[in-house]
Amino acid sequence: MGVLIAAKKKALTIDLNPKSSRRLQLTEAYAQKYYKSKIKNIVDAEINGLEERPRYPIAIIKRNIQQAWDAESDEVKQEIMHDIQEGSSSSNRSPPVNLLIDRTPEEYATAIDCIPDAMDSINNSLAKQTGWIWTILGGGPDPRFGGQVRTVA
């Protein structure tokens with residue numbers, strides 16, 4: 001979900017849900033691909049066999065994923081490794097988000113000009129939804145001031 005903030009006939013798009021910037025670990029990719037078909041029933045049976053159902057059964061889930069991975073055939077392990085390396089399946093997340101995109105100093109300056117209105121819009125929206133008062137801090141080199149570091153709040 002992105003938010004488009006318009007300021008002084010300029011626009012700044014803020015990605016509120018950026019994609020993950022790391023590749024999945026082998027067991028994560030394995031679970032993403034095979035959890036429902038190979039692991040879920042085992043986890044459900046273990047949880048249902050407990051006297052008291054855990055509120056957050058993540059430890060049980062992770063242990064069973066690891067045990068299933070350890071017992072898995074070399075063929076499936078190779079498949080998962082290939083999927084991660086090639087990005088050929090849903091078990092690989094999107095390419096990393098580059099937060100420092102190559103931009104011109106003018107493009108950075110234009111985005112910096114949008115910050116006060118963007119911060120006001122975000123703060124006002126959060127305040128209306130929560131009843132809280134919000135502060136957002138930011139800082140970095142400003143091309144309009146020879147790259148000197150400036151901060152805004």
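A short note on the overall build of the protein chain
In step 1: Along the protein chain, the regular secondary structure elements total 4 helices and 4 strands.
In step 2: Put simply, the protein chain runs from its N terminus to its C terminus through helices and strands in the order β-β-α-α-α-α-β-β.
In step 3: Evaluated residue by residue, the protein chain yields a buried proportion of 22% over its 153 residues.
In step 4: A fraction of 53% describes how many contacts in the protein chain between residues 6 or more apart in sequence connect residues 24 or more apart.
In step 5: Accessible area of the protein chain: about 11,500 Å², with a carbon and sulfur share of 54%.

Section: the packing of aromatic side chains
In step 1: What the rule picks out here adds up to 3 aromatic pairs.
In step 2: Ring centres of Tyr 30 and Trp 69 lie 5.4 Å apart, and the angle between their planes is 65°; this geometry places the pair in the edge-to-face category. In this pair, Tyr 30 is assigned in helix 1 (residues 26-48) and Trp 69 in helix 2 (residues 58-71), connecting sequence segments 39 residues apart. With respect to burial, Tyr 30 and Trp 69 carry one shared label: buried.
In step 3: Aromatic side chains Trp 132 and Trp 134 sit 5.6 Å apart centroid to centroid with 25° between the ring planes, which places their arrangement in the stacked category.
In step 4: Feature note: the residues Tyr 30, Tyr 34 and Trp 69 constitute an aromatic cluster, connected by ring pairs.
In step 5: Directly above the aromatic system of Trp 69 lies the positively charged group of Lys 77, at a separation of 5.5 Å from the ring centroid.

Description of the environment of Gly 146
In step 1: With respect to the element layout, Gly 146 can be found in the loop between strand 3 (138-141) and strand 4 (149-152).
In step 2: Remark: the alpha-carbon pair of Gly 146 and Pro 105, spanning 41 residues in sequence, is separated by 10.0 Å.

Considerations on the side chain of Glu 72
In step 1: Looking at the element boundaries, Glu 72 is found in the loop between helix 2 and helix 3 (74-86).
In step 2: Beyond its immediate chain neighbours, meaning those up to four positions away, Glu 72 contacts Tyr 30, Lys 38 and Lys 77.

Focus on the confidence of the model for the protein chain
In step 1: Of all residues in the protein chain, 76% attain a pLDDT of 70 or more, and the chain-wide mean is 80.
In step 2: When pLDDT is averaged over each helix and strand of the protein chain, the minimum, 52, is found for strand 1 (residues 2-7) and the maximum, 94, for helix 2.
In step 3: Per-residue pLDDT stays below 50 along residues 88-100; that stretch engages in 24 contacts with residues further than four places along the chain or on separate chains.

Looking at helix 2
In step 1: For helix 2, built from 14 residues, the straight-helix expectation of 20 Å at 1.5 Å per residue is met to within 8% by its first-to-last C-alpha distance of 20 Å.
In step 2: Every buried residue of helix 2 is accounted for by Ile 60, Asn 64, Ile 65, Ala 68 and Trp 69. Viewed end-on, helix 2 has its buried residues packed into an arc of 165°, placing them on one side of the element. Set apart from the buried face of helix 2 by more than 90 degrees, the exposed residues are Ala 59 and Lys 62.
In step 3: Packing partners of the buried residues in helix 2 comprise helix 1 and helix 3.

Regarding the nonpolar core
In step 1: Core analysis: the biggest nonpolar cluster contains 16 residues, and Tyr 30, Ile 39, Val 43, Ile 65 and Ile 80 have the highest contact counts within it.
In step 2: Of all the secondary structure elements, the ones that give two or more residues to this core are helix 1, helix 2 and helix 3.
In step 3: When near neighbours in sequence (up to four residues on either side) are disregarded, Ile 65 contacts Thr 27, Tyr 30, Ala 31, Tyr 35 and Ile 39.

About the cut-offs
Residues numbered from 1 in each chain as written. Predicted model: local features only at pLDDT ≥ 70, side-chain atom pairs only at ≥ 80, totals over all residues. Heavy atoms only, no water. Helix = DSSP H or I, 4+ residues; strand = E, 2+ residues; numbered from the N terminus. Buried < 20%, exposed > 50% of the residue type's maximum accessible area, 1.4 Å probe, protein only. Contact = heavy atoms within 4.5 Å. Areas by Shrake-Rupley, 256 points an atom, 1.4 Å probe, with all protein chains shown as cover. Phe/Tyr/Trp six-rings, centres within 6.5 Å; stacked < 30°, edge-to-face > 60°. Lys NZ or Arg CZ within 6 Å of the ring centre and 35° of its normal. pLDDT = per-residue confidence, 0-100. Expected span 1.5 Å × (residues − 1). Arc of directions from axis to C-beta. Core = buried A, V, L, I, M, F, W, Y, C linked by side-chain atoms within 4.5 Å.

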